[in-house]
Amino acid sequence: MSEPYIRLKNICKSFGTVQANKNVSIDVNKGEILALLGENGSGKSTLVNMLSGIYTPDSGEIEIGGKNVVFRSPKDAINAGIGMIHQHFKLIDVLTAAENIVIGQENSVVLSKKKMNARINELSQKYGISIDPDKKVYNMSVSEKQSVEIMKILYRGADVLILDEPTAVLTPQEIRALFDILRGMKERGCCIIIITHKLAEVMEISDRVTVLRKGESITTAVTKDSTPQELTEMMVGSAVSLEIDRPKEKLSEQPVLSVDRLSKKSFEGVDLLRDMSFDLYGGEILGVAGIAGSGQKELCEIIAGLMKADGGSVKFSGEEILGLSPRAILRRGISMSFIPEDRLGMGLVAGMSVMNNVILKSYNRNPGPFLDRKFARTLAEQIVHDFDISTPSVTHEVKKLSGGNIQKVLLGREIWLAPKVLITAYPVRGLDIGASYNIYRVLNEQKKKGVAVLFIGEDLDVLKSISDRLMVIHGGEVVDIVDPEKVTKEDIGMMMLGHKPGAEGGEAV
Amino acid sequence: MSIANRVHITKRTGASGGAQLASRLIAIVVALAASGLVMLFMGYHPLEIFGKIITSSLSTYSRFGETMNKTILLTMLSLGISVAFRMKFWNIGAEGQFYMGAFGAALIAFGFPDLPAWLLLPLMGLCAFVFGGIWALIPALIKAKFTTSETLVTLMMNYIAISFISYLQYGPWKDPESLGAAKIARFSDNAILPKVFGIHAGWIIMLVLVVVMTILLKYTKLGYQIDVLGESETTAKYAGMNTLKIMIIAVLLSGGLCGVAGFMQASAVEKSITDQMSGGLGFTAVITAWLAKLKPPVIVVVSFAFSMLLQSGKALQVMGIPSSITEVLQGVIIFFVLGSEFFINYKISFRKADKEG
């Protein structure tokens with residue numbers, strides 16, 4: 001084998017007392033896709049951030065094309081031909097694709113639109129990326145935005161592409177399109193590093209895989225010679241079961257939550273929810289699949305009483321709850337936890353301690369004007385223990401915890417409230433495998449207790465295996481409620497785009 | 001390689017409490033040194049001036065008393081402001097709430113001058129609290145209804161309140177016995193706060209309120225609600241809190257405390273009301289509240305330090321040194337202490353230029 005094009009040798013990096021990378025070494029050849037696999041906090045992001053110039057290593061060497069390099073800023077990395085696509089896109093909404101691609105690149109005062117578009121079209125054809133240069137970013141879907149990001153990097157002449165969890169927000173069809181692009185780039189000699197949590201994708205797209213654990217590189221394996229089970233065990237450091245249980249429970253006779261023709265228009269008059277109807281029974285997990293922004297947030301907020309609906313009804317055990325205050329809904333035992341992209345959002349108070357966060361919904365349970373701090377401490381310690389939250393103390397600020405632990409605080413609090421309805425949106429967002437499986441287990445436990453669980457998720461594999469029934473939504477409408485055993489991922493993907501299988505090419509009504 | 005490339009600013013993961021305190025103390029020492037330099041340039045000996053500041057504000061009983069009068073006023077105003085600030089309600093209308101509180105106290109003082117002091121004084125305080133509270137509540141309600149900026153409205157309400165007192169002073173409340181001078185009559189003796197250990201009894205009220213507010217903010221549900229609401233209104237609603245009610249209570253409390261400050265100043269220091277009686281401390285209190293990180297016990301300390309500077313300004317003037325030196329000192333201290341926040345939250349590291357660069 002020839003010399004690898006990129007070589008990271010014995011990289012070390014610490015943040016304060018935390019050692020994020022400890023003697024990590026990876027190498028990537030030209031025309032190769034390397035997957036980085038590891039749990040949260042295993043140092044994957046830190047590592048690629050050093051390769052893209054955002055951080056500088058404390059020690060160790062980075063070699064590109066056999067030459068030692070030191071990056072002091074992302075600009076240095078770009079100049080060396082390295083481009084990174086972050087989880088959150090860095091595009092300007094009001095500009096077109098072409099404008100976003102060339103921004104900060106052209107030094108001339110007047111931009112030649114013709115020249116610009118010609119170069120973009122040439123790159124599109126070369127790599128098989130379909131892009132409309134004149135489309136404004138705010139009109140684009142997530143995958144179109146991602147294509148613009150990739151194009152931005154190619155336009156700069158980069159031949160090393162780093163992707164940080166690129167598939168988290170895509171449909172199966174979009175993922176396939178992305179993988180086609182990546183394979184095309186690989187054939188043209190690009191180096192690609194991809195970070196992902198999804199083992200199936202590692203197996204499908206990568207040539208080799210490097211497993212990181214607790215800041216150290218554990219092993220590098222040729223993908224086709226290894227199995228998902230082996231990789232997981234190396235990643236977690238112990239044997240894990242990749243099976244998600246789906247215990248059959250006795251359903252409640254009447255629906256616990258009954259949503260009927262719920263509708264909501266945005267301020268501009270766009271339909272956010274359109275005649276959405278479904279029933280949720282005690283003892284089941286109803287999965288909800290849909291592209292981000294299909295009405296998930298609105299549904300959650302209306303049920304929790306945070307948003308007013310324009311029409312329809314939401315009944316809890318037969319009683320209308322639409323129009324009740326959030327507090328009244330909370331008291332009836334309906335718990336909603338929505339994990340937004342930034343993870344903190346409205347469920348938690350970032351600047352407050354774990355202790356003060358766990359009592360957010362129960363601080364008022366004792367009579368009198370004083371907070372029951374002893375209760376707060378006991379509850380916090382119990383939740384920290386039950387959910388295995390790693391925090392220096394219960395008085396530690398939540399925003400200083402890692403993502404997984406933040407989510408556990410939120411979910412722990414909601415479950416402690418012993419709700420009758422548990423609405424949870426993206427509870428495993430950004431979590432590693434171990435932590436995710438813990439959360440699936442917790443949700444199943446709730447189901448066994450007869451709780452009605454509405455699980456709004458992203459990963460179709462997970463949705464398919466944990467849900468008793470699976471509801472697919474598109475544009476604020478229910479496309480269909482299906483038996484997850486009897487549909488393929490591709491069918492679900494089609495439904496997420498608004499096509500009902502069988503109804504030949506037609507929009508579902 | 002340019003210098004900018006060699007300086008790296010990174011976020012700190014959280015400095016310890018001790019480190020934070022230390023960096024603030026260092027900031028104050030640096031501020032004193034920097035203002036010392038300014039004094040040198042102006043041709044004065046810094047140590048001499050620092051000495052004068054201390055002696056002119058603390059050395060005699062009457063000077064100490066004056067400093068304490070200001071400390072009480074500044075602490076009360078800062079306490080009021082900090083309640084609203086913790087909720088991120090930017091109440092900079094302490095001046096107005098102070099004057100309306102003083103007006104409320106005066107209404108009672110002139111209305112029932114012969115009531116016994118044990119009844120009259122609490123009534124004055126109560127009325128001052130209500131008037132100050134309502135004055136703060138008006139901008140809050142306008143904000144709730146029309147989503148206006150409370151910063152602007154509370155600020156503008158100051159000028160209405162001050163002009164209203166001027167109107168009283170030059171018009172209907174002008175004292176006919178003052179031989180033409182525009183002045184409001186003196187309160188009856190029953191309406192004047194007695195002295196305890198030579199300083200007006202306001203200091204006891206102040207200390208009690210500091211303790212009460214510390215407990216309120218730290219250990220009660222209301223304090224918790226105010227903090228949550230300050231962090232995010234959606235979160236507060238999500239937790240089932242009645243956000244409007246919490247805001248009204250907190251704002252009433254904020255304005256009310258400033259109103260009580262007005263009562264104390266009117267009753268104990270001015271023994272009447274005038275349109276000059278705040279000396280602009282309603283604005284200074286914004287600074288002291290902020291420097292004290294909105295923590296009641298710290299507010300007392302910061303207010304005392306600022307009062308020393310305020311008090312010594314006059315004394316320096318008499319000695320032929322411009323009183324603005326103390327203002328320079330105030331400004332420099334604020335600059336450095338606020339600047340130190342940056343060093344608490346961020347770390348700056350320098351790198352050596354490498355051979356290739």
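Per chain, residues are indexed from 1 in the order of the written sequence. All chains are assigned letters beginning at A, and all ligands numbers beginning at 1, according to the order in which they are written. Owing to the predicted nature of the model, reporting of local features is limited to residues with pLDDT of at least 70; listing and counting of side-chain atom pairs is limited to 80 or more, with chain, interface and lining totals taken over all residues.

Caption draft 1: Here's a closer look at the overall build of chain A. Assigned secondary structure in chain A consists of 16 helices and 20 strands. All radius of gyration figures rest on C-alpha atoms, and the globule criterion is 2.2 Å times the number of residues raised to 0.38. Here the C-alpha radius of gyration of chain A, 24 Å, is about what a compact globule of 509 residues would show, namely 23 Å. The dimensions of chain A, computed from C-alpha atoms along their principal axes, are 70 × 55 × 45 Å. Neighbour density around each residue's C-beta defines its exposure: 20 or more other C-beta atoms within 10 Å make it buried, 12 or fewer make it exposed, and counts between make it partly exposed, where C-beta atoms are placed from the backbone. With 509 residues in all, chain A has 45% of them scored as buried. Think of it this way: build a C-beta for each residue from its backbone, and any pair within 7 Å is a contact. Here the contacts in chain A between residues at least 6 apart in sequence split such that 68% fall between residues at least 24 apart. Comment: elements are numbered from the N terminus, with helices defined as DSSP H or I runs of at least four residues and strands as E runs of at least two.

Caption draft 2: Quick look at the overall build of chain B. On a plain count of helices and strands, chain B comes out with 14 helices and four strands. Based on the C-alpha atoms only, the size of chain B along its principal axes is roughly 85 × 60 × 35 Å. Long-range pairs, those at least 24 residues apart, make up 77% of the contacts in chain B with a sequence separation of at least 6.

Caption draft 3: Molecular detail of helix H9 (residues 296-303) of chain A. Residue and element names in this part refer to chain A. Of all eight residues in H9, seven are buried; the element is thus mostly enclosed. Residues of H9 that are buried include every one of Gln 296, Glu 298, Leu 299, Cys 300, Glu 301, Ile 302 and Ile 303, and no others. Phi for Gly 305, located one or two positions after H9, is positive at around 85°.

Caption draft 4: Region of the structure containing the domain arrangement of chain A. Residue and element names in this part refer to chain A. Segmentation into domains, and thus their bounds, comes from an automatic or database assignment. Parsing chain A into structural domains produces domain 1 (6-236) and domain 2 (255-347 + 418-496). At the junction of the two partners, domain 1 supplies 14 residues and domain 2 supplies 15 residues. A total of three residues in the side of domain 1 that touches domain 2 trace back to one element, the largest contributor, which is helix H8 (residues 228-236). Of the residues belonging to the side of domain 1 that touches domain 2, the class tally is seven nonpolar, five polar and two charged. Gly is placed with the polar residues, together with every amino acid not listed as nonpolar (Ala, Val, Leu, Ile, Met, Phe, Trp, Tyr, Cys and Pro) or charged (Asp, Glu, Lys and Arg).

Caption draft 5: Region of the structure containing the sheet that holds strand E6 (residues 82-85) of chain A. All names here are of chain A. Two strands are counted as paired when DSSP detects at least two bridges linking them. Read from one edge to the other, the open sheet built from six strands follows the order E6-E7-E8-E3-E9-E10, with strand pairing classed as mixed. Whereas interior strands pair on both sides, the edge strands pair on one side only; in this sheet they are E6 and strand E10 (216-222). For this sheet, the mean inter-axis angle between neighbouring strands, taken without regard to orientation, is 20°. Sheet topology note: the strand E3 (residues 32-38)/strand E8 (residues 191-195) ladder contains five bridges and is parallel. For helices, the axis comes from a line fit to the C-alpha atoms of the stretch in contact; other axes are also lines fit to C-alpha atoms, and the angle between any two N-to-C directions lies between 0 and 180 degrees.

Caption draft 6: Highlighting the interface of chain A and chain B. Each partner contributes to the interface: chain A provides 25 residues, whereas chain B provides 19 residues. Looking at which element gives the most residues to the side of chain A that touches chain B, the answer is helix H10 (residues 326-331) of chain A, with three residues. Taken together, the residues that form the side of chain A that touches chain B break down as 15 nonpolar, six polar and four charged.

Caption draft 7: Local environment of unusual backbone geometry. Residue and element names in this part refer to chain A. Even without glycine at this site, Lys 214 takes up a positive phi of about 50°. Looking at Lys 214, the number of C-beta atoms within 10 Å reads 14, which means it is partly exposed. Although it is not a glycine, Asp 275 adopts a positive phi angle of roughly 45°. Residue placement: Asp 275 occurs in strand E12 (residues 271-281).

Caption draft 8: Spatial organisation of the domain arrangement of chain B. All names here are of chain B. Domain boundaries assigned for chain B yield domain 1 (1-44 + 322-357) and domain 2 (62-320). Using only C-alpha atoms to locate each centre, domain 1 and domain 2 end up separated by 33 Å. Opposite the seven residues of domain 1 that make contact, domain 2 presents nine residues. In the side of domain 1 that touches domain 2, the residues fall into four nonpolar, three polar and no charged.

Caption draft 9: Structural view of helix H4 (residues 113-127) of chain A. Taking 1.5 Å per residue as the helical rise, H4(A) with its 15 residues ought to reach 21 Å, and the 21 Å between its terminal C-alpha atoms agrees with that figure. One or two residues past the end of H4(A) sits Gly128(A), with phi positive at roughly 70°. Here the expected length of a helix is defined as 1.5 Å per residue gap, with one fewer gap than residues.

Caption draft 10: Highlighting the pairing of E10(A). Residues and elements named next belong to chain A. For strand E9 (residues 208-213) and E10, the ladder comprises six bridges, and the chain directions are antiparallel. Bridge pairing in E10 places Arg 213 opposite Glu 216. Hairpin geometry of E9 and E10 is characterised by an intervening segment of two residues between the two adjacent antiparallel strands and by a positive phi of about 50° at Lys 214.

Caption draft 11: Geometry of the sheet that holds strand E5 (residues 67-69) of chain A. Residues and elements named next belong to chain A. The strand order across the open sheet formed by four strands is E2-E1-E4-E5, and the pairing between neighbours is antiparallel. Because the sheet does not close on itself, it has two edges, and the strands there are strand E2 (18-28) and E5. Taking each pair of neighbouring strands and ignoring which way they run, the sheet shows an average axis angle of 30°. Two elements, strand E4 (residues 59-64) and E5, share three bridges in a ladder whose sense is antiparallel.

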